[in-house]
Structure formats: structure tokens, C-alpha cells
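Summary of structural features
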Amino acid sequence: MFLPAGSQDETGVQISNRLRASEIFRQVTKKRNFQQISTPVVEYAQTFTNEVAGMDLHSMLKWFNGEGEIEVLRPDWTAAIARAIAGQHPSKQKWSYQGSVFRFDKEDTESRQAGIEIVHADRFFGEAESLLTAVAYFKHLNIEDYVIELGHTGIFDALIAPFTFSKQEEEELLKAMHDKRSDLVEEIVVKAGNAELAKPLMALIDAYGTRDIIEQYRRRWSDRDDLTEILTHIDKLIDLLEASGVTEVIVDLGRVKNLPYYDGIMFRGFLTNDGSTCFSGGRYDRLYKQFELTTSAVGLAFDVDVLATHMAAEKEPEKICIIASPETHAIAEEFRMEMEEQVVDIQYELKNQTSYHTIYQVVVENSQYKVVEK
Ligand SMILES: N[C@@H](Cc1c[nH]c[nH+]1)C(=O)O
């Protein structure tokens with residue numbers, strides 16, 4: 001039997017690492033006073049595709065229900081949580097969650113996320129707490145080789161604001177910026193009759209690196225208060241991260257949103273050894289407008305599958321086997337219960353001696369059962 005493309009079984013170290021990553025996430029977020037939330041895996045498509053959330057129905061796993069409504073497997077936690085907590089008292093600000101999201105536009109259809117959302121809180125506070133929670137989580141996972149990247153939706157938006165693009169052109173432009181395709185960016189803006197935008201946008205594609213890039217662009221944009229304000233904002237977050245011991249922070253001024261609801265700062269975490277993205281997030285105040293709420297909302301989600309592949313495997317515990325029989329199984333079980341640290345297997349017949357460190361057997365001595373080393 002085969003599996004559909006994008007689905008896969010999981011075994012061994014990958015599962016135990018993933019479960020460990022989940023448990024550590026639970027502990028780290030509990031300690032930081034996040035409240036856990038879970039939403040159903042089946043939702044109306046509308047929660048994700050409405051005008052504000054803006055996600056693409058094509059990439060979702062979907063079907064019609066009996067009433068002719070489209071239902072989907074949760075493609076995103078952030079929009080689902082916004083739906084779930086929109087009616088909650090504003091004093092409830094910090095939420096954490098864990099579970100799968102399903103999308104066709106990724107290599108794996110199912111990916112397991114562990115994330116946080118901070119709503120109704122001071123804006124800088126929400127961003128700072130999101131990032132510092134990520135830092136604390138890395139620390140508890142013993143992952144040291146990571147880079148945090150900061151970007152902002154406002155830069156691209158401000159640069160293209162004076163120009164006219166059709167919805168489709170804008171989408172193409174976003175994609176070309178996202179893929180850092182200078183050639184396409186030039187082609188799209190020229191074709192749309194906005195050739196003067198080509199140079200600044202193409203420069204923006206290369207505007208990434210260490211925080212020096214901020215100083216460079218502060219000079220370049222000295223006459224633009226809106227853009228300078230964004231640079232100062234990013235600078236403040238880098239100060240916070242550096243003061244908290246994070247040395248690898250990069251800025252990508254040309255980054256565009258990877259989810260339609262982002263509106264403000266965007267974060268990403270990369271693992272240095274292979275460059276894989278292990279968390280992603282940002283500000284999305286807009287998402288609450290659909291519930292007539294003007295508020296602050298920011299968060300991020302880790303890809304637990306990616307973390308699990310990069311975590312060091314747990315130390316193998318001592319493995320023991322007790323040879324028993326139907327008559328002595330209960331005696332073996334009693335012995336097993338006393339072994340707290342070890343992995344204890346019981347077998348009636350020893351099949352693979354080499355997979356155990358020590359082998360015990362149940363014997364009769366003076367008409368009493370006893371467990372002795374074999
Ligand atoms: N839902 C986003 C992550 C996120 C959480 N909060 C804000 N953004 C994602 O799947 O990439």
C-alpha cells in the first residue's frame with residue numbers, strides 16, 4: 001500500500017524528538033503564563049479565505065459538507081485562533097497551541113506546529129514577548145545555532161503606494177520579491193507602466209544582512225519619516241534581542257509577507273546548519289477587524305517537524321529483558337515496576353539477545369518465584 005504524495009510515516013528518533021519538542025514547548029509557554037488553546041481540525045473554509053484572512057483556497061484540503069458549505073482541514077492556526085478568541089475578555093492576552101496544519105503548497109501536506117499568539121497587548125510588548133519566548137524555547141531545546149530575521153510589511157507597501165497595480169500584478173510582484181527575482185520584479189513594474197519603481201525595488205531585494213543595513217537605509221531614506229520609523233522599530237527589537245544574548249540577528253528590508261494577513265513586523269527563525277526555517281510569525285492586527293475589533297495581535301509558530309530533525313537524540317537508556325511465561329508474567333511485571341530508569345521488555349522467548357544490555361529470567365527457588373540475571 002502506498003501513501004499520497006506529501007504524506008509520510010514517522011518512526012524512531014523523529015517521533016521521540018518531536019514529542020520531546022512538544023513537551024518542552026508546553027513547559028516553556030506554561031512557565032511564561034501562556035494559556036493553552038486548541039481548535040478543531042475541521043473548520044469552514046471561510047475562516048481562512050475571507051477577505052481579511054485572505055488565504056488561498058487552492059492550497060487547502062477541502063470538501064463540501066451536507067449543506068453545500070466548504071469545510072477544510074485547518075490550514076493555519078492564527079486565523080482559527082482569532083475566530084475562537086475574538087469574543088474573549090481583552091485581559092486574556094497570551095495563548096499557546098500545538099497541532100497540525102494541512103496545506104498542499106508545502107512539501108509535506110501535514111506539518112506540526114507549536115505556536116503563540118499575543119493579542120490586545122502593548123504592541124512592542126507583544127513582539128518582544130514573542131521573540132523572547134522563541135529564544136527561551138531554543139535554549140530549552142539546546143539549539144544554539146540559529147538566526148533570527150526581522151522584516152516589515154510596511155516597507156514594500158510604502159514604496160509601491162504611489163503607483164497603480166492590478167490585484168494580479170501586485171500578487172505577481174509580491175511573489176517575485178519573495179523569491180528575490182530582480183529580473184521578474186523589473187519586468188512586472190515596467191509592464192505595469194511603473195518603471196521608476198524598478199530601481200528602488202531591485203535595491204530592496206539586496207537590502208538584507210546584519211544591522212548595518214539599517215544605518216545604510218536610514219541615510220538613504222532620511223527624507224522619509226514613515227520608513228525611518230520602521231527602521232527605528234526594527235532597531236529597537238534588535239537591541240532587545242542582543243541584550244537577551246542573541247548574537248545572530250539579520251534584517252531583510254526587502255522581505256514581503258508570506259501570509260496575506262501580516263501587517264507590520266515579520267519574524268523568521270533559521271537553523272544555521274542547513275538554513276531550514278524553524279519558525280515564522282509577525283503582526284496581524286488586521287485579522288481582528290473582521291470581528292469589529294481594533295487591537296494588537298502578534299505571534300509566531302515553530303515547525304516542530306523541522307526542530308525534531310535537528311535535535312540531538314536522547315541518550316539511550318539501559319535496556320533490559322525479563323524472560324517469563326504465562327505463569328510468571330505477573331512476577332516479571334512486579335520486577336519491571338521497580339526499574340524506573342530502564343527500558344524493560346518482557347518476553348516468553350528471547351528472540352534477539354543483542355538488543356538488550358541485561359537479561360533476567362524468572363526462576364523457581366524453594367518453591368518461590370525469583371527474578372535473576374541470566
Ligand atoms: N500562522 C503563521 C505563524 C504565525 C503565528 N502568529 C502569527 N503568525 C504560520 O503558519 O506561518
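Data block above holds the structure.
Quick look at the structure, then. (Residues numbered from 1 in each chain as written. Predicted model: local features only at pLDDT ≥ 70, side-chain atom pairs only at ≥ 80, totals over all residues. Heavy atoms only, no water.)

So, about the overall build of the protein. Per the secondary structure count, the protein includes 12 helices and 16 strands. Over its C-alpha atoms the protein spans a radius of gyration of 26 Å, topping by over 25% the 21 Å that the globule rule assigns to 374 residues. Principal-axis analysis of the C-alpha atoms places the extent of the protein at approximately 95 × 55 × 45 Å. For the protein, buried positions account for 47% of its 374 residues. Pairs at least 24 residues apart make up 66% of the contacts formed inside the protein by residues separated by at least 6 positions. Carbon together with sulfur atoms contributes 49% to the accessible area of the protein, which is approximately 20200 Å² in total. Measuring between centres, the 40 positive side-chain charges of the protein sit 3 Å from its 62 negative side-chain charges. (Helix = DSSP H or I, 4+ residues; strand = E, 2+ residues; numbered from the N terminus. Rg over C-alpha atoms; globule rule 2.2 N^0.38 Å. Buried < 20%, exposed > 50% of the residue type's maximum accessible area, 1.4 Å probe, protein only. Contact = heavy atoms within 4.5 Å. Areas by Shrake-Rupley, 256 points an atom, 1.4 Å probe, with all protein chains shown as cover. Lys, Arg positive; Asp, Glu negative; His and termini not counted. Charge placed at Lys NZ, Arg CZ, Asp CG, Glu CD.)

With that settled, the discussion passes to helix α5 (residues 153-160). Most of α5 is tucked away, with 7 of its 8 residues classed as buried. Burial in α5 covers these residues: Thr-153, Gly-154, Ile-155, Phe-156, Ala-158, Leu-159 and Ile-160.

With respect to the helices and strands, Ser-280 occurs in strand β11 (residues 277-283). The exposure class of Ser-280 is buried, given its relative accessible area of 18%. Among the polar contacts made by the side chain of Ser-280, one reaches the side chain of Asn-258 at a distance of 3.5 Å. (Polar contact = N/O pair within 3.5 Å; in protein donor to acceptor, adjacent residues only side chain to side chain.)

Below, the discussion takes up a nonpolar patch on the surface. Taken together, the side chains of Val-41, Val-42 and Trp-63 make up a nonpolar region of the molecular surface, amounting to roughly 220 Å² of accessible area. The residue Val-41 is located in the loop between β1 (35-36) and β2 (42-44) in this model. (Patch = residues over 30% accessible without salt bridge, like charges linked within 9 Å, V, L, I, M, F, W, Y side chains within 5 Å. Salt bridge = Lys/Arg side-chain N within 4 Å of Asp/Glu carboxyl O.)

With a phi angle near 60°, His-120 is a residue other than glycine that sits in the positive phi range. Relative to the helices and strands, His-120 resides in the loop between β6 (110-119) and α4 (123-140). Take His-120: its relative accessible area is 19%, and that puts it in the buried class. With a phi close to 55°, Glu-292 is a non-glycine residue in the positive phi region. Its place among the elements puts Glu-292 in the loop between β11 and β12 (297-303). Looking at Glu-292, the relative accessible area reads 74%, which means it is exposed.

Our focus in this paragraph is the packing of helix α9 (residues 212-220) against helix α10 (residues 225-243). Taken N-terminus to C-terminus, the directions of α9 and α10 make an angle of 160°; their axes are 10 Å apart at the nearest point. The angle between α9 and α10 falls in the class roughly antiparallel. Crossing handedness for the pair α9 and α10: left-handed. Residue-level contacts link Ile-214, Glu-215, Tyr-217 and Arg-218 of α9 to Thr-228, Leu-231, Thr-232, Ile-234, Asp-235 and Ile-238 of α10. (Axes fitted to C-alpha atoms, helices over the stretch in contact; angles between N-to-C directions. Parallel < 35°, antiparallel > 145°, perpendicular 65-115°, else oblique. Left-handed = near helix turned anticlockwise from the far one by under 90°.)

What follows concerns a negative patch on the surface. Together, Asp-56, Asp-157, Glu-170, Glu-171, Glu-172 and Asp-263 line one region of the surface with negative charge. Among the elements that take part in the negative patch, helix α6 (residues 167-178) stands out by supplying 3 residues, more than any other. Take Asp-157: it is sitting in helix α5. A residue is classified by how much of its surface remains accessible, and Asp-157, at 31% relative accessible area, is partly exposed.

In the neighbourhood of the ligand, 15 residues make up the surrounding shell, with Asp-76, Thr-78, Glu-117, Tyr-262 and Gly-299 lying closest. Computed on the free molecule, the ligand has an accessible area of 300 Å², of which 97% lies beneath the protein chains in the complex. Of the residues in the shell around the ligand, the class split is 7 nonpolar, 6 polar and 2 charged. (Near = heavy atom within 4 Å. Nonpolar A, V, L, I, M, F, W, Y, C, P; charged D, E, K, R; others polar.)

Here we come to the sheet that holds strand β3 (residues 62-64). Spatially, the 3 strands line up as an open sheet ordered β2-β4-β3, and their pairing is antiparallel. Lying at the two open borders of the sheet, with one neighbouring strand each, are β2 and β3. Going from strand to strand, the sheet's axes swing by 35° on average, the running direction of each strand aside. In terms of strand pairing, β3 meets strand β4 (residues 70-73) through 3 bridges, oriented antiparallel. What sits directly across from Trp-63, in β4, is Glu-71. (Pairing = 2+ DSSP bridges.)

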